[in-house]
Amino acid sequence: MKQHTLSAEQLDSFGEEIGAIKQQALSQRGTRDANYIKRIVAFQRGLAISSRISIYAALPFLPSLGLALASWPMFWLLICAGSIGLGIAKILDNMEIGHNIIHGQYDWMGDPRFHSKFYDWDTNCPSEQWAHSHNYEHHTYTNILGKDRDIGYGILRMDPAQKWHPTYLGNPIHATLLMLFFDMGVALHDVEVDSLRSGRKTFRETWPKLKQSLGKTAQIWGKDFILFPALAGPLFPIVMAANAVANIIRNIWTFTIIFCGHFPAEVHTFPAHVCENETQGHWYYRQLLGSANIEGGKLFHIMSGNLSHQIEHHLFPDVPAHRYAEMALEVRKVCNKYDIPYNTGPLWSQYASVWAKIFKLALPPRGSQTSITA
Amino acid sequence: MSRATTTARSAWRRIVDTPLINALAAPHGIGRYLEVINPMWSLDNTRIPARITSITRETDDSVSIELSPNGEWTHFQAGQFIQVHVEIDGRQHNRCYSLSRSAYTRKPRITVKDHHDGFISHYLNTQLKVGDRIAISLAQGDFVLPAQIPTALLFIAGGSGITPIMAMIDTLLEHQHSGVITLLYYSRDCNSCIFRERLEELALQHLNFSLLMVYSRNDSQAKHALQGHFNQQHLLKALSLNPALVEQTRSLTIPLSYVCGPEQLINAVQSEYELLGLKDKLHSERFKAATAVHLHGEAGGDIAFNQSQSMVTNDGRSLLEQAEDAGLSPQSGCRMGICHTCSCLKTSGSVRNISTGEISHGEEHIRLCISQPLGDVSLSL
């Protein structure tokens, strides 16, 4: 892979131009952003309530109950609408609302409902832990091996520079499991269960975070798999299954978006020394090379929490995400000017590229493969 | 005294806001769903939605705003204040305002003076309309009457400092309190005197209530009024208005007193009471945080914001102002050390509490708005 390098002066002026795009967006924050997040939250809450109602509304149509309403098509229609709707509601809550609020994108509103310190999301990971592992570790040390634990989540081999080990033969299976139980994967991420296994941390050190994660998991799973199903009485298993489907839809989608943001083929990783005495310009440069965008329509961007604009998100993690689309135009112009690659592609190709990597890196390295340095 | 108008949260709120229902709505809680359907159904008692039901102009630069909060609002004691949250251009701002009407009224009311430097007070005076929705806190503050009302009370007010005192006097007189009530009230001039007509009317109706107005500016209209700033003569003159107090005034036994108003007035009254050895008899309420004392040679050092990994050079102002100027968005509220919204963990360094002068060293939770850094300070912000 060829790497165009910038001189220190070029990096500085590049940094200034990217910084100016950020300053402009920050100075424009106001009613438009506040109304946007309020409308999304209102829609999400409404969708969650109506989807749950739809799941219960399906039950009287179940033919095995022998009621006058018996109808398989109506039962399937309502139960599917309910599950998919609930899945979408969870995706919105976790991504466009939760992820972005916990990043502090709406802290300036001074409203506790939209403040990073107070917002909690409908998933197993305590928002406070995520703010540490994601906002701090991942966003500061993006794609730096050994510092950014998002590379492979401590389970997968996602970079050729990660030393091969026979357990990585299971890469595709591990990735599939992580995808299906991504909520648990994220919940245990900051607990660093992998460090426990490798002996870098003792159980005593890990326990407080683990306890917090398990408590949050009990709250969310208790709601979806015990309390709500219990409201259906003997039809408990049906509601539980519908809720499980909603959770799995959310898990597959969030896994897909997040893996497409950092692991497609052309995305770069970096050795640890680059972040020592790093300039603002180089930091922006590293964020740009370490992220990839996914192309799509407005609805797709909202459903991905605007992480489809992963590049802009990594450059401007605290700018309200609904602004990324318009900022992307400016960022691309600057990239063209400095001849910096801007990695973007449709979902299917980015996703195929991620899975190709998962399979390829399951195998031991053939010949010499080195990581790209900036 | 100052009994509640409503005693508790409305019944349906107590039924809906149960652990089981909230567990079903986890992690947001049921209130966050209800408020999406109708903002007035919010179950949040830190930001209670309230409709503006009437706005009355009191003087050229002050208005009284009557509020109709939802069922989270319970009751208040005369003299207490509320935090008012207003959203302007997507940003929430909050300030504290005293409730200015009898605690027996169903709808709380605040009176807001348009300070030329006050962004929120100006907004409330000029932009707010009947039917708008704002959010308020529950009533707070300990500037209230004692459980056992003494036979004589003295109130000293300056400018908009009349608001909590008006609520106390209203409540006492409405409750047919028979003890002696005296009000010494300072305003700039006759036209800027909030509640002038209401107070004069009360003084005519109730023989036990006497009123002494003082105007700080020369004013030919002020027939019976004194002029100038607070001094012992004013104090004695006010007390002598009521025949029942003449004997006490001569022996300088001053009744239980409440003062509220500008910093200079409160300071003057406090030092007078200290001189008389009557410090315990005086309750005071400040509307603004005392201004930061200018420190010589003590400022300086750096303020490190650990979470956002940034640092600024300490310029001696409050940590809240300096953090905001550094581009951070810490949560903040009253900006005078009351609401604790801006409470933050200081991981190291020393700060001076602007209102009390106390110094905090090392790791401690502090309120940013009233903390003045002394040298290097690092904050978990």
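Here is what the cut-offs are and how they apply
Residues numbered from 1 in each chain as written. Chains lettered and ligands numbered in written order. Predicted model: local features only at pLDDT ≥ 70, side-chain atom pairs only at ≥ 80, totals over all residues. Pairing = 2+ DSSP bridges. Helix = DSSP H or I, 4+ residues; strand = E, 2+ residues; numbered from the N terminus. Contact = placed C-beta atoms within 7 Å. Axes fitted to C-alpha atoms, helices over the stretch in contact; angles between N-to-C directions. Nonpolar A, V, L, I, M, F, W, Y, C, P; charged D, E, K, R; others polar. Expected span 1.5 Å × (residues − 1). Buried ≥ 20, exposed ≤ 12 C-beta atoms within 10 Å, placed from the backbone. Arc of directions from axis to C-beta. Domains from an automatic or database assignment.

This brings us to the pairing of strand E15 (residues 343-353) of chain B. Residue and element names in this part refer to chain B. Here 4 bridges tie E15 to strand E17 (residues 364-367), and the two strands are oriented antiparallel to one another. Its bridge partner being in E17, Lys 346 is matched across the sheet by Glu 364. Two strands pair when backbone bridges link them, and E15 and strand E18 (residues 371-379) are joined in this way by 7 bridges, in the antiparallel orientation. Residue pairing for E18: Val 351 is matched across the bridge by Pro 373. In textbook terms, the turn of a hairpin is the stretch between consecutive antiparallel strands, and for E15 and strand E16 (residues 359-361) this stretch comprises 5 residues, one of which, Gly 357, has a positive phi near 85°.

Our focus in this paragraph is the sheet that holds strand E12 (residues 282-286) of chain B. Residue and element names in this part refer to chain B. Read from one edge of the open sheet, 6 strands run E10-E9-E8-E7-E11-E12, paired in parallel fashion. A strand with exactly one partner marks an edge of an open sheet, and here the two such strands are strand E10 (226-227) and E12. Relative to the sheet, helix H9 (residues 263-275) contacts strand E7 (152-158), strand E8 (180-187), strand E11 (256-261) and E12, its axis offset from that of E12 by approximately 165°.

Here the focus is the interface of chain B and chain A. The extent of an interface is frequently quoted as the accessible surface area lost upon association of the parts. Contacts between chain B and chain A engage 13 residues on the former and 24 residues on the latter. Among the elements of the structure, helix H2 (19-24), helix H3 (30-37) and strand E4 (91-98) of chain B are those that each provide at least two residues to the side of chain B that touches chain A. Top contributing element to the side of chain B that touches chain A by residue count: H3(B), with 3 residues. In terms of residue class, the side of chain B that touches chain A is built from 6 nonpolar, 4 polar and 3 charged.

This brings us to helix H14 (residues 347-360) of chain A. All names here are of chain A. Here H14 is 14 residues long and its end C-alpha atoms lie 20 Å apart, about the 20 Å a rise of 1.5 Å per residue gives. Along H14, the residues that are buried comprise Gln 350, Val 354, Lys 357 and Ile 358. Each buried residue of H14 sits inside an arc of 100° when the element is viewed along its axis, so together they form one side. Counted as exposed and oriented over 90 degrees from the buried face of H14: Trp 348, Ala 356 and Phe 359. On its buried face, H14 is in contact with helix H5 (171-180), helix H9 (236-262), strand E1 (293-295) and strand E2 (344-346).

Bringing the domain arrangement of chain B into the picture now. Examined at the domain level, chain B breaks down into domain 1 (11-136), domain 2 (152-286) and domain 3 (302-379). For domain 1 of chain B versus domain 3 of chain B, the distance between C-alpha centres works out to 28 Å.

Another aspect to go through is the environment of Trp221(A). Examined against the element boundaries, Trp221(A) turns out to sit in helix H8 (residues 203-230). Separated by 23 residues in the primary sequence, Trp221(A) and Ala244(A) have C-alpha atoms spaced 9.4 Å apart.

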